[in-house]
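Tertiary structure, described
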Amino acid sequence: MTKKLYYESAYLKDWHTSVSQVVEREDGLFLVLEETAFYPHGGGQPCDAGTIGGTPVLDVILEEDVVLHKVESLPDGSQVSCEIDWNRRFDHMQQHSGQHLLSAVFRELFQAMTLSFHLGNDYATIDLELQELTPDQLAAAEWEVNRQVVLDHNIVSYFVTPGEMASLPLVKLPKVTENIRIVEIEGVEHNACGGTHVSSTGAIGMVKLLRAEKQKGNIRITFKCGGRALDEANDNQRILGALSAKFNTGKDEIMDRIGKWEAEQKQLQAELAVLREQNDIYMAKELLSGLEPDARVVAHIFEDKSHKDLQSLAAKLTANTELPVLLLTALENKVVLACSGSAGLSCGAFFKAHLGEFQGKGGGSDKMAQAGFPAWAEVLKFYEFAKVNL
C-alpha cells in the first residue's frame, strides 16, 4: 500500500521518501514509493509528471492500493527526492475544480446531470444529460459559474464512512463502499471524488465555455479554466488584432468588413469563371485549328494551368473532335487524357496499363482520366509515350 500524499494536500510540490519496490515489465520500469504525491490517472483527470531522484516520471497508474511510477531509469539509491511538475498539477486542479463548479451550475439552472468528464491537454469537456441548450442558456451558465468563482467558496476534501455518507446531500452515490472521499464546495455541493482540487473557487480563475454540441443524444460542453482560459483570451485577442489591422477597421466592424469582402470575392469568382470559360473556348479553337492533317492526338503542355483547368479545357476539346486529348501541366506535374468515346479508347484503361512504368498514380473513366507524377522528368516521359501510343 502506498501512502497517498495528494489526499492530504494537493499543494505539496516536493518531498523525500524511500523506494519500496522496483517492478520491471514489458512496457517499462516502475517504482513503488513509500509515500507519493504523484496523482495517478483516474476520474477523468490525467496523471502528474515530475521527477524521482532526478529521473523523469513518464506515467503514474494505480493498481488496487499501490501507485506505480513509470520512469526512464532507476534513481541512485533507495532514498529519493521527488518533485511535482507544478504547472501541470495546478492546471489540472483548476480544470477539475472548474468542472465541479460548472456541473453544479448546470444542475441548478437546467436540472442537467453531468454524465462524464474529460480533461485533455488543451481543453476539458463535460457531457450533460440534456437534449437542447440554446446560446442564451450557454451564456447564462458561463455568467453564473464565473459569479460563483468570484464568491470564493472554500473547497475541502475528507474521507467518510458509509454511515456518514448517508447523511450528505451527494450529487450521486460513489461506486466504492470504503475509503470514500468527499470533495465539498462549501455552500454549493458535495461530490464523491478522488481528484486534486484548488483550495477555493477563486483559485479556479476565469471559466470560459467554448462551445456546446450534440453528442450521442446529449450535450457536450467544451471549456477552459484559469491559465488555459487566459491563454484562450490572449489568442483570440491576437487574432482579432490581426484581423482589425488587415481590414483597417475597429474590432466591432470586422464582421461587416468580412461580409463585404466575401461578397466582393464571390463577384470576382463569378467574373473569373466567365473569363475562364471564354478562354477555354478560344484555346480549344486554337489547338484544333493548329493540328496537322494527319494528327492522331490533340496534345499540349501548359506551364501554369491547374489540374481543374486542364479538365475543363479537355471537355471543350472532346466536344469538338473525335481525337484523343492529352494535356500536361508543368505547374502540378499532372496529365489529363480525354476522349469523346467514339474512337474505342478507354482513358482509364490506358492509364492503368501504363502509369506504373513512369511512377504515375491516378485513374478515371473511359472518357477522362488524370494522373500525377513525382517529378517533371517522369511526367514528360509519360506524355511523350502517350502521344506516340494513343
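Reading the values: the criteria
- Residues numbered from 1 in each chain as written.
- Predicted model: local features only at pLDDT ≥ 70, side-chain atom pairs only at ≥ 80, totals over all residues.
- Heavy atoms only, no water.
- Pairing = 2+ DSSP bridges.
- Helix = DSSP H or I, 4+ residues; strand = E, 2+ residues; numbered from the N terminus.
- Core = buried A, V, L, I, M, F, W, Y, C linked by side-chain atoms within 4.5 Å.
- Buried < 20%, exposed > 50% of the residue type's maximum accessible area, 1.4 Å probe, protein only.
- UniProt positions renumbered as here; feature names shortened; annotations may be inferred.
- Axes fitted to C-alpha atoms, helices over the stretch in contact; angles between N-to-C directions.
- Salt bridge = Lys/Arg side-chain N within 4 Å of Asp/Glu carboxyl O.
- Disulfide = S-S within 2.5 Å.

Along a regular strand, successive side chains alternate from one face of the sheet to the other. Across five bridges, strand β9 (residues 114-119) lies against strand β10 (residues 124-128) in antiparallel orientation. Among the inter-strand pairings, Thr-114 is bridged to a residue of β10, identified as Leu-128. What sits between β9 and β10 in their antiparallel hairpin is a turn of four residues.

A few words on the nonpolar core. Residues Leu-102, Phe-106, Ile-126, Leu-133, Leu-209, Ile-221 and Phe-223 are the most contacted members of the largest nonpolar core, which totals 31 residues. Going through the elements one at a time, α2 (86-110), β9, β10, α3 (135-150), β12 (180-185), β14 (207-215) and β15 (218-225) are the ones with two or more residues in this core. Considering each element in turn, this core owes the most residues, six residues, to α2.

The subject of this paragraph is the UniProt feature "domain: Alanyl-transfer RNA synthetases family profile" (unreviewed entry) in the chain. Cross-referencing UniProt, the feature "domain: Alanyl-transfer RNA synthetases family profile" (unreviewed entry) maps to residues 1-235 in the present numbering. Here residues 1-235 runs as 25% helix and 38% strand, with 45 Å between its end C-alpha atoms.

Spatially, five strands are ordered β16-β17-β18-β20-β19 in an open sheet, and the strand pairing comes out mixed. The open sheet has two edge strands with one neighbour each: β16 (298-302) and β19 (361-364). Ignoring strand direction, the axes of neighbouring strands in this sheet form an average angle of 10°. Across five bridges, strand β17 (residues 325-329) lies against strand β18 (residues 334-338) in antiparallel orientation.

What follows concerns the UniProt feature "coiled-coil region" (unreviewed entry) in the chain. When the UniProt feature table is mapped onto this chain, "coiled-coil region" (unreviewed entry) is found at residues 251-285. Helix makes up 91% of residues 251-285 and strand 0%, with an end-to-end C-alpha separation of 51 Å.

This next bit is on the pattern of salt bridges. Scanning all chains against the criterion turns up 15 salt bridges. The residue Asp-91 makes a salt bridge to Arg-228 at a minimum N-O spacing of 2.6 Å. Here Arg-228 lies in helix α5 (residues 226-246) and Asp-91 lies in helix α2, a separation of 137 residues in the sequence. No difference in accessibility class separates Asp-91 from Arg-228, as the two residues are buried. A salt bridge links Lys-316 to Glu-277, with the nearest nitrogen and oxygen atoms 3.2 Å apart. Residue Lys-316 is found in helix α7 (residues 307-318), and its partner Glu-277 is found in helix α6 (residues 254-289); the two are separated by 39 residues along the sequence. Classification of Glu-277 by relative accessible area gives partly exposed; the value is 37%.

Moving on, we get to the state of the cysteines. If you walk through the whole model with that rule in mind, you get zero disulfides. This cysteine, Cys-47, is not joined by any disulfide, and Cys-82 carries the nearest cysteine sulfur, 14 Å off. In this model Cys-347 remains outside any disulfide bridge; the closest cysteine sulfur is found in Cys-339, 3.6 Å from its own.

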